[in-house]
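# Breakdown of the fold
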Amino acid sequence: MPWRDAILSRALPHPILSFMLSTKITDSNAHGQDSSYFLGWQEYEKNPYHPIGNPDGIIQMGLAENQLSFNLLESWIKNNPSATVFKKNDESLFKEIALFQDYHGLPSFKNALVKFMSDIRGSTVTFDPKNLVLTAGATSASETLVFCVANPGDAFLIPTPYYPGFDRDLKWRTGAEIVPIHCSSANGFRITRSAIEDAYQEAQKKDLKVKGIFVTNPSNPLGTSLTNHELDLLFNFISTKNIHLISDEVYSGTVFSSPNFISVMEVLKNKNLINTEVSKRVHIIYSLSKDLGLPGFRVGAIYSGNDDVVAAATKMSSFGLISSQTQYLLSEMLSDRKFTKLYLSENSRRLKHRQETLVKGLEKVGIRCLKGNAGLFCLVDMRHLLKSQTFQGELELWEKIVYDVRLNISPGSSCHCSEPGWFRVCFANMSEETLILAMQRVKSFVNSIMSKKNNRNRHQQILHNSARRTKSLPKWVFSLSLNQIEVGEKR
Ligand SMILES: Cc1ncc(COP(=O)(O)O)c(C=O)c1O
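Every value quoted in this text rests on a predicted model; they were computed, and no experiment measured them. (Residues numbered from 1 in each chain as written. Predicted model: local features only at pLDDT ≥ 70, side-chain atom pairs only at ≥ 80, totals over all residues.)

## Observations regarding the overall build of the protein chain
Tallying secondary structure elements over the protein chain gives 19 helices and 15 strands in all. Split into buried and exposed, the 491 residues of the protein chain put 41% on the buried side. In the protein chain, once contacts between residues fewer than 6 apart in sequence are set aside, the share between residues at least 24 apart is 72%. (Helix = DSSP H or I, 4+ residues; strand = E, 2+ residues; numbered from the N terminus. Buried ≥ 20, exposed ≤ 12 C-beta atoms within 10 Å, placed from the backbone. Contact = placed C-beta atoms within 7 Å.)

Structural data, given as C-alpha cells:
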C-alpha cells in the first residue's frame, strides 16, 4: 500500500546522511511528516485535480485555506495601487521600506492589526500593540511562545482532535511534549473537567511537568468555538494549577453562525482578570492566514500580557520576521476599516453558505457532520463506512477515498482523534463546482459500498433463512424440497 511504503521509507534515514547531520534532525520524528495528514498532500501533488487538464485527478480537501473571499482582496489591491508600489501622496516609500527593519515591526502595521483583532471580537475588547509580537505566521508564533514558556521535557495539554501541525510546531525544536486531553463524540468533543484532570494525571505519571493548556478556538478540526462553560473550566484549571493558557485564535474571523466566538481576552475582561497574575499566563496566537486568506504572506502574531514573554519573543522574532513590504501593504489594507468590516461580514456569509452546501450534500448520502459554526472545514462522521471500528479500518477507508474516490481528506487519527471514523473535510479552498463534483464522487462511493453491504446482508439473510428452515422443518420436507429441485433441474 503506497502510504505504508511512504511511512516505512521515511522511518529509516540514509546511514551516510544520518552520520553527517545533527541527531536533532536524524533521530527525531517529532516533525510529524509521516502522518497521513501530510501523506495525503503528497498524493494530491502527484495527481492534482484540474477541471480541464486533469478532471479525474485528486481533489484537495485536506487544506484549510480560505479562497472564498479572495476576489475582495484582489479588488482592494486594484483600487489601491499605491499600496503595492509603495507610494504615499505620490512620494516613493521604496527606500524606507527596503532598508533596515528592526525586530519590533512597523508601528503602523501593528496598530492596524490590533484594531482588526478587536473588530473581529465585535470591539468588546481592545489590544495594545505593545503586547504584540509579529512572527512569520502562527506556526512560528506557536513555536516561539512554547520556547519562551517551556523547558525541553515540559508538557502542554491539548484537547483532541487537534491540528496535526502542532506536533511539529510545539515539540520538534523546543523539545516540549504534548499530552492529549481526550475528548469524545458522545458530547460533541467538548472539553470536560474530568478529561483535563485525566490528562494532567497522565502527564504526572510520565514525570512531565505541565506548563500549560493549549487550545484552538475556534477549533481545527472541529469547526466549533469554545463555550463559556469550557472557558470557565480552562480558567479555573490554569488558576488553581498556576499554569499557562495558550489560545490559538487563528480562526476567530471565520465564525459564521451562532454561538458567538469568545476570545480568552473577553474572558479576562469579564472576570476582571486583566493585569492580574493570571493574565500574565494567558497568551493568544494569531495569524492572517485563515481570516484574511493570506497564508503565503506569512503574517502571524503572539499577544501576551506578560512583559517577559513579549521581550523574549520579540528577540526571537529575528528568526522569522515578516518583510517590511508585506507589513506595509497590509497596514494600508487593514487601516481601511470600511473594507475590513465589509470583508469580515461578506466572508462569514460565504463561509456559511459553503459549509451548508457541504453539510446538506453529505446528509443526502447518509453522512453526518459535527455541528459547526466556524472554520474552513467540517468534522465528518464516517464510522458507518468503516469495515472495522479501528484506526486500521479508518486508514483503509482513507486509502480508498484518496486513491479510488480521489479526494484528499484528513483522517481523524492524523489529528489524534481518540475515536476511529471521523475525517476532516475542507470546503473553502476550491470552487463551488469542484465541491459539487467532490460530493458526486462521495455519493457514488457510498452507493457502491451500500449496495455491496446490502448484497452481503441479503446473501447472509438467505443463508440464515435456509439454515433456519433446515433446522425447523421436519427432515422429510427438506428431502422433498431437494427432490423437487432435482426434478426441476432435470426439466
Ligand atoms: C489551528 C492552526 N494553527 C496554526 C496554523 C498555521 O497557520 P500559519 O499559516 O499562520 O502558520 C494552522 C494552519 O492550518 C492552524 O489550523
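## Some details on the site of the ligand
Around the ligand sit 14 residues in total, of which Gly137, Ala138, Thr139, Ser287 and Ser289 are the nearest. In terms of residue count, helix H9 (residues 137-149) provides more of the shell around the ligand than any other element does, three residues in total. The residue inventory of the shell around the ligand, partitioned by class, reads five nonpolar, eight polar and one charged. (Near = placed C-beta within 6 Å. Nonpolar A, V, L, I, M, F, W, Y, C, P; charged D, E, K, R; others polar.)

## Considerations on the nonpolar core
Within the largest apolar cluster, 117 residues are counted, with the highest numbers of intra-cluster contacts made by Leu157, Val380 and Val425. Summarising the domain contributions, this core has at least three residues from each of domain 1 (2-69 + 347-445) and domain 2 (91-335). Setting aside residues up to four positions removed in sequence, Leu157 forms contacts with Val179, Ile181, Ile196, Ala199, Tyr200, Ala203, Val210 and Ile213. (Core = buried A, V, L, I, M, F, W, Y, C linked by C-beta atoms within 7 Å. Domains from an automatic or database assignment.)

## Observations regarding the packing of helix H8 (residues 107-120) against helix H15 (residues 324-335)
Close contact between H8 and H15 brings their axes to 8 Å; oriented N to C, the two are set at 40 degrees. In this view, H8 runs oblique relative to H15, as classed from their interaxial angle. As H8 packs across H15, the resulting crossing turns out to be left-handed. Here Ser108, Phe109, Ala112, Leu113 and Phe116 of H8 lie close against H15, whose contacting residues are Gln327, Leu330, Ser331, Leu334 and Ser335. Tallied by class, residues from the contact of H8 with H15 come to six nonpolar, four polar and no charged. (Axes fitted to C-alpha atoms, helices over the stretch in contact; angles between N-to-C directions. Parallel < 35°, antiparallel > 145°, perpendicular 65-115°, else oblique. Left-handed = near helix turned anticlockwise from the far one by under 90°.)

## As for the confidence of the model for the protein chain
Scored by pLDDT, the protein chain has a mean of 90; 90% of the residues are at 70 or more. Predicted confidence is poor over residues 473-491, with pLDDT under 50, and the contacts of this stretch with residues over four places away or in other chains come to two contacts. (pLDDT = per-residue confidence, 0-100.)

## What about the sheet that holds strand E14 (residues 410-411)?
Here we have four strands laid out as an open sheet, ordered E11-E12-E15-E14, and antiparallel in their pairing. The open sheet is flanked by strand E11 (368-369) and E14, the only strands paired with a single partner. Relative to strand E15 (residues 422-426), strand E12 (residues 377-381) runs antiparallel, the two sharing five bridges. Within the sheet, the bridge partner assigned to Asp381 lies in E15 and is Trp422. (Pairing = 2+ DSSP bridges.)

## Side note on the pairing of strand E10 (residues 300-304)
Sheet faces and side chains relate simply in a regular strand, where the side chains alternate between the two faces. With five of five residues buried, E10 lies mostly within the body of the structure. What you see with E10 is no split at all: Gly300, Ile302 and Ser304 on one side and Ala301 and Tyr303 on the other are buried throughout. For strand E4 (residues 132-135) and E10, the ladder comprises four bridges, and the chain directions are antiparallel. Paired with Leu134 across the two strands is Ala301, which belongs to E10. Of the strand pairs in this sheet, strand E9 (residues 282-287) and E10 are connected by five bridges, and their pairing is antiparallel. Looking across to E10, one finds that Ile285 is bridged to Ile302.

## Section: the environment of Arg173
Along the chain, Arg173 turns up in the loop between helix H10 (165-172) and strand E6 (177-181). Taking the C-alpha atoms as reference, Arg173 lies 9.4 Å from Ile25; in sequence the two are 148 residues apart.

## Quick look at the environment of Leu342
Along the chain, Leu342 turns up in helix H16 (residues 337-364). Overall, the presence of 14 C-beta atoms within 10 Å leaves Leu342 in the partly exposed class. Through-space distance from the C-alpha of Leu342 to that of Leu72 is 9.2 Å; in sequence the pair is 270 residues apart.

## Some points on unusual backbone geometry
Residues Thr160 and Pro161 are joined by a peptide bond in cis, for which omega reads -10 degrees. In this structure, Pro161 sits in the loop between strand E5 (155-159) and H10. Even without being glycine, Asp207 reaches a positive phi, approximately 65 degrees. Mapped onto the secondary structure, Asp207 falls in the loop between helix H11 (193-205) and strand E7 (210-216). Classification of Asp207 by C-beta neighbours within 10 Å gives exposed; the count is 8. With a phi angle near 60 degrees, His416 is a residue other than glycine that sits in the positive phi range. Relative to the helices and strands, His416 resides in the loop between E14 and E15. Judged by the 19 C-beta atoms lying within 10 Å of it, His416 falls in the partly exposed class.

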